[in-house]
Amino acid sequence: MGFSVPGWASFSATLATSKGVSVPKGYLAVYVGEKMRRFMIPITYLSQPSFQELLSQAEEEFGYDHPTGGLTIPCREDKFLSLTSQLNRV
């Protein structure tokens, strides 16, 4: 089962080139792909069914113990960028 946060709706993924970059209000840092690149995504993505599927996969693979200390999304970076670009159009 995924995470559902009522009242949130849409956003854009931004690559954070340094793990020391703070996360702006309204965004969430996630780690994606083999290289565990850090992206900041709008929290509104959390209510989107396609993003909730990624959260379900993360829960199945990592439970609540993420190796990076942050939310790790278990998918390829190109797939993640494709999904987030679609969510930007919502």
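Treat the numbers as computed from the prediction; the structure is a model and nothing was measured.

Definitions and cut-offs
Residues numbered from 1 in each chain as written. Predicted model: local features only at pLDDT ≥ 70, side-chain atom pairs only at ≥ 80, totals over all residues. Heavy atoms only, no water. Buried < 20%, exposed > 50% of the residue type's maximum accessible area, 1.4 Å probe, protein only. Helix = DSSP H or I, 4+ residues; strand = E, 2+ residues; numbered from the N terminus. Pairing = 2+ DSSP bridges. Axes fitted to C-alpha atoms, helices over the stretch in contact; angles between N-to-C directions. Parallel < 35°, antiparallel > 145°, perpendicular 65-115°, else oblique. Contact = heavy atoms within 4.5 Å. Nonpolar A, V, L, I, M, F, W, Y, C, P; charged D, E, K, R; others polar. Phe/Tyr/Trp six-rings, centres within 6.5 Å; stacked < 30°, edge-to-face > 60°. pLDDT = per-residue confidence, 0-100.

Visitor: Which parts of the structure should I look at to understand the pairing of strand 3 (residues 37–42)?
Guide: Residues in a regular strand project their side chains so that they alternate between the two faces of the sheet. Among the 6 residues of strand 3, 5 are classified as buried, and the element is accordingly described as predominantly covered. Between strand 2 (residues 27–32) and strand 3, which follow one another and run antiparallel, lie 4 residues, and G33 among them has a positive phi close to 80°.

Visitor: How should the environment of E61 be read in this particular structure?
Guide: For E61, the location among the structural elements is in helix 1 (residues 49–62). Distance in space between the C-alpha atoms of E61 and I73 is 9.2 Å, their sequence separation being 12 residues.

Visitor: What should I look at first to understand the pairing of strand 2 in this one?
Guide: Where strand 2 lies against strand 3, 6 bridges are found, and the strand directions are antiparallel. Residue pairing for strand 3: V30 is matched across the bridge by F39. In this sheet, strand 4 (residues 71–73) lies alongside strand 2 in parallel orientation, the contact comprising 3 bridges. Its bridge partner lying in strand 4, Y31 is registered against T72.

Visitor: Explain the packing of helix 1 against helix 2 (residues 77–88) here, please?
Guide: Relative placement of two packed helices is described by the angle separating their axes and the distance separating the axes. The contact between helix 1 and helix 2 brings their axes to 10 Å, and the two run at 150°. If you check the angle between helix 1 and helix 2, you find them roughly antiparallel. Of helix 2, the residues touching helix 1 (which contributes S50, F51 and L54) are F80, L83 and L87. Residues that form the contact of helix 1 with helix 2 fall into these classes: 5 nonpolar, 1 polar and no charged.

Visitor: I'm lost on the packing of aromatic side chains in this one. Help?
Guide: Ring pairs (aromatic) are described by centroid distance and by the angle formed between their planes. This model, assessed by the stated rule, comprises 3 aromatic pairs. Seen from their ring centres, Y45 and F51 are 5.9 Å apart, and the 50° between their planes marks the pair as tilted. Since its relative accessible area comes to 0%, Y45 is described here as buried. Assessed through its relative accessible area of 0%, F51 is described here as buried. Pairwise contacts between aromatic rings join F39, Y45, F51 and F80 into one cluster.

Visitor: I would appreciate a short explanation of the confidence of the model for the protein chain in the present structure.
Guide: When pLDDT drops low, the exact placement of atoms in the prediction is not to be read closely. Per-residue pLDDT for the protein chain has a mean of 76; in total, 69% of the residues score no lower than 70. Of all the helices and strands in the protein chain, strand 1 (residues 14–15) carries the lowest mean pLDDT, 55, while strand 3 carries the highest, 91.

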